[in-house]
Amino acid sequence: YALRLFPIGGYCAMTGEDEEVEGDEKAMRNKPVWQRMIIVLAGATMNLLLGLVLVAIIVCSSNIPSTTVAVFDEGATSSACGLQVGDEIIGINGERINGYTELSTQLSRCYNEDTVSLTVLRDGQEVILQNVTFPTEQIDEGLSYPMIDFRVYAEKKTPAMIVKNVFLQTGGYITSVFDSLGDMITGRVSLKYVSGPIGISSVISEAASYGILSLLSVAAFISVNLGVMNLLPIPALDGGRFLFMAIEAVIRRPIPTKVEGIIHAVGMVLLLALMAIVALKELFFPIC
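The residue numbers shown here count from 1 along each chain, following its written sequence. Confidence filtering applies because this is a predicted model: local features only for residues at pLDDT of at least 70, side-chain atom pairs given and counted only at 80 or more, and all residues used for totals across whole chains, interfaces and linings. To obtain the side-chain values, all non-hydrogen atoms of the structure were used and water was disregarded.

Caption draft 1: Looking closely at the pattern of salt bridges. Whenever Lys or Arg places a side-chain nitrogen within 4 Å of a carboxyl oxygen from Asp or Glu, that contact is recorded as a salt bridge. For the structure on display, the rule yields 5 salt bridges. Here E260 and R29 are joined by a salt bridge, their closest N and O atoms 3.7 Å apart. With E260 in helix α7 (residues 257–284) and R29 in the segment before α1 (33–61), this residue pair connects regions lying 231 residues apart in the sequence. Note on classification: 1.4 Å probe, protein chains only; a residue is buried when its accessible area is under 20% of the maximum for its type, exposed when over 50%, partly exposed between these limits. A relative accessible area of 11% means that E260 is categorised as buried. Among the ionic pairs, D87 bridges to R122, the shortest N-O distance being 2.7 Å. Here R122 lies in strand β4 (residues 116–122) and D87 lies in the loop between β1 (65–72) and β2 (88–92), a separation of 35 residues in the sequence. Here D87 falls in the buried class, since its relative accessible area comes to 2%. Residue R122 is classed as buried on the basis of its relative accessible area of 18%. Secondary structure elements are taken from DSSP: a helix is a run of H or I of four residues or more, a strand is a run of E of two residues or more, and numbering for both begins at the N terminus.

So, in structure tokens, the structure goes:
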């Protein structure tokens, strides 16, 4: 147990987790490597399961949106570019989509693009619509993204359709995490758009103003995001610890405690530094 000066981050420590404990069978480092792997994956797994449960509540409490165009908003630009009522959108810029969550996510990733390519099913045939324009939302100076300018039909709510959409929506959240990381690594989006606790709290507050389902949606996304990020093979995170255990399982001997401890310590310092930088950015240079 630990008493912390600042209530940030999480704390969970077990006997023998980061040090050698001779003669104690209950010490974590004295447990078989497969048992330690299960333990270290438990937290992130629960984050993912919580996200799945929250998505299930959302899906059961609301209509299930399809990707089939039902009606266009007034002044919609996509309809003037060939998109029609009854078109089922199955791809954006050559990438297949599964469900409305991916439709919304992939369209929002078309940063600063004047037009997009849509693949639709029309009368049973695949049709590619080139140079489709949408209204844009300005995030910041020099960064905007297209907005959906139509509404879609609701799917018939059957048990099978509910289960399918629970996993599709949760999978969409997972995919969006990797897509966002990829966009930042490749430079498509600046690191200045990374949010920390301050930015997240404002998003939660805004979501709460729209109702409980909107709040649950944000909570589900954050929970899934935490689960995925914790599983990345980064020192100090659960994924980093799992990587060391996987190496131990392959070479059949543990990594020296001192070496592993130094690597995790360096990783923790870098993560805390990133948290501090993001917090300062949100306080003094917020994205409006």
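After that view, the rundown keeps rolling.
Caption draft 2: Here's a closer look at the layout of surface pockets. In this structure, the second largest pocket encloses a volume near 260 Å³. Each cavity reported here is a set of points on a 1 Å grid over the protein atoms alone in which a 1.4 Å probe fits but cannot get out, each pocket an open set with protein on both sides within 12 Å along at least five of seven lines, and each lining residue one with an atom within 4 Å of a point. What lines the second largest pocket is a set of 17 residues, and nearest its centre among them are T67, E88, G99, E155 and K164. Asp, Glu, Lys and Arg are counted as charged, while Ala, Val, Leu, Ile, Met, Phe, Trp, Tyr, Cys and Pro are counted as nonpolar; the rest, among them Gly, fall into the polar class. Taken together, the residues that form the lining of the second largest pocket break down as 7 nonpolar, 6 polar and 4 charged. Grid points are joined across faces, edges and corners, and a volume is the space filled by probe spheres set on the points.

Caption draft 3: Structural view of the packing of helix α3 (residues 159–186) against helix α5 (residues 212–231). Convention adopted: a line fitted to C-alpha atoms gives each axis, helices being fitted over their contacting stretch, and angles between N-to-C directions are expressed from 0 to 180 degrees. Direction vectors running N to C along α3 and α5 enclose 60 degrees, while the axes themselves pass 9 Å from each other. In this view, α3 runs oblique relative to α5, as classed from their interaxial angle. Both α3 and α5 take part in a crossing whose hand is right-handed. Every residue of α5 that contacts α3 at T170, Y173, I174, S176, V177, F178 and L181 is listed here: S217, A220, F221, V224, N225, V228 and M229. The class makeup of the residues in the contact of α3 with α5 is 10 nonpolar, 4 polar and no charged. Angle categories: roughly parallel below 35 degrees, roughly antiparallel above 145, roughly perpendicular from 65 to 115, and oblique for all the rest. Two helices cross in a left-handed way if the nearer one is turned anticlockwise from the farther one by less than a right angle. They cross in a right-handed way if the turn is clockwise. Every residue pair with non-hydrogen atoms within 4.5 Å of one another is taken to be in contact.

Caption draft 4: Region of interest: the environment of E17. Following the sequence through the fold, E17 ends up in the segment before α1. Of the residues examined, E17 reaches a relative accessible area of 17% and is grouped as buried. Between the C-alpha atom of E17 and that of L270, which follows or precedes it by 253 residues, the distance is 21 Å. Those residues in contact with E17 that sit more than four places away from it in its chain are C12, M28, R29 and R241.

Caption draft 5: Seen up close, the packing of helix α2 (residues 100–108) against α3. Relative orientation of the contacting elements α2 and α3 amounts to 20 degrees, with a least axis distance of 8 Å. If you check the angle between α2 and α3, you find them roughly parallel. Crossing geometry of α2 relative to α3 is assigned as right-handed. Touching T101, E102, T105 and Q106 of α2 are Q169, G172, Y173, S176 and D179, all from α3. Residue composition of the contact of α2 with α3, by class: 1 nonpolar, 6 polar and 2 charged.

Caption draft 6: Representation of the environment of A246 in the model. As for its placement among the helices and strands, A246 is situated in helix α6 (residues 238–251). By relative accessible area, which is 23% here, A246 ends up partly exposed. In this structure, the C-alpha to C-alpha distance between A246 and S223, residues 23 residues apart in sequence, is 25 Å.

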